[in-house]
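Report on the structure
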Amino acid sequence: MRKILPTNLERTPDGAWFWQINLPVFTAAPLELERNPLGADDRYGGPVLFVAGGKSPCIDVRGHATIHGHFLRAEIVAVPDPGHNTSVL
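Heads up: these notes are all about the structure in this document. (Residues numbered from 1 in each chain as written. Predicted model: local features only at pLDDT ≥ 70, side-chain atom pairs only at ≥ 80, totals over all residues. Heavy atoms only, no water.)

1. Quick word on the overall build of the protein
The cut-off we apply is this: In DSSP terms, a helix is any run of H or I states spanning at least four residues, a strand is any run of E spanning at least two, and both are numbered starting from the N terminus. Every residue pair with non-hydrogen atoms within 4.5 Å of one another is taken to be in contact.
Secondary structure assignment for the protein yields three helices and four strands. Sequence-distant contacts, at least 24 apart, represent 60% of the contacts inside the protein between residues at least 6 apart.

2. Examining the packing of aromatic side chains
Given two aromatic rings, one states the distance between the centres and the angle between the planes to describe the pair. Convention followed: Stacked, edge-to-face and tilted labels apply to pairs of Phe, Tyr and Trp rings (six-membered ring for Trp) whose centres lie within 6.5 Å, assigned for plane angles under 30 degrees, over 60, and everything in between, in that order.
Under the definition given, this model contains one aromatic pair. Judged by centre distance (5.4 Å) and plane angle (65°), the rings of Phe 50 and Phe 71 are edge-to-face. Of this pair, Phe 50 sits in strand S3 (residues 44–53) while Phe 71 sits in strand S4 (residues 71–79), and the two are 21 residues apart along the sequence.

3. Comments concerning helix H3 (residues 61–70)
In an α-helix there are 3.6 residues to a turn, and that puts residues three or four apart on one side. Rules: Each residue gets one of three labels from its accessible area relative to the maximum for its type: buried under 20%, exposed over 50%, partly exposed in between, using a 1.4 Å probe on protein chains only. The directions from the helix axis to the C-beta atoms form the arc being described.
Buried within H3 are the following residues: Gly 63, Ile 67 and His 70. Each buried residue of H3 lies within a common arc of 75° when the element is viewed along its axis, so the set occupies one face. The exposed set on the far side of H3, more than 90 degrees from its buried face, consists of Val 61, Arg 62 and Ala 65. Looking at the buried positions of H3, the neighbouring elements they touch are S3 and S4.

4. Quick notes on the pairing of S3
Our working definition: A pair of strands is considered paired only if DSSP assigns at least 2 bridges between the two. Think of it like this: strands point away, you trace from the first strand over the helix to the second, and a clockwise trace means the crossover is right-handed.
When S3 meets S4, the two strands line up parallel, connected through eight bridges. Bridge pairing in S4 places Pro 47 opposite Arg 73. The handedness of the S3 to S4 crossover, carried by H3, is right-handed.

5. Observations concerning the environment of Cys 58
The topology assignment puts Cys 58 in the loop between S3 and H3. With 24 residues separating them in the primary sequence, Cys 58 and Glu 34 have C-alpha atoms 9.4 Å apart.

Quick look at the structure:
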């Protein structure tokens with residue numbers, strides 16, 4: 001995700017920043033973008049907060065198991081109304 005987010009940040013001619021999704025990249029490589037980059041033995045024991053949209057299909061029960069398998073102290077919170085790519089700010 002750290003590699004994807006900066007590619008969506010663009011600057012206007014007057015210097016303001018805005019988010020722009022690179023749709024060609026997302027549509028050309030969906031399986032690679034969804035692949036879990038962590039190895040079977042990768043673990044992190046510190047606290048981590050995952051925030052998911054309540055209507056997003058991206059973090060389901062299997063996703064919870066995967067998250068807890070890698071992030072031992074993970075807390076997963078669902079914001080009730082948003083989907084996957086919805087701003088809640």
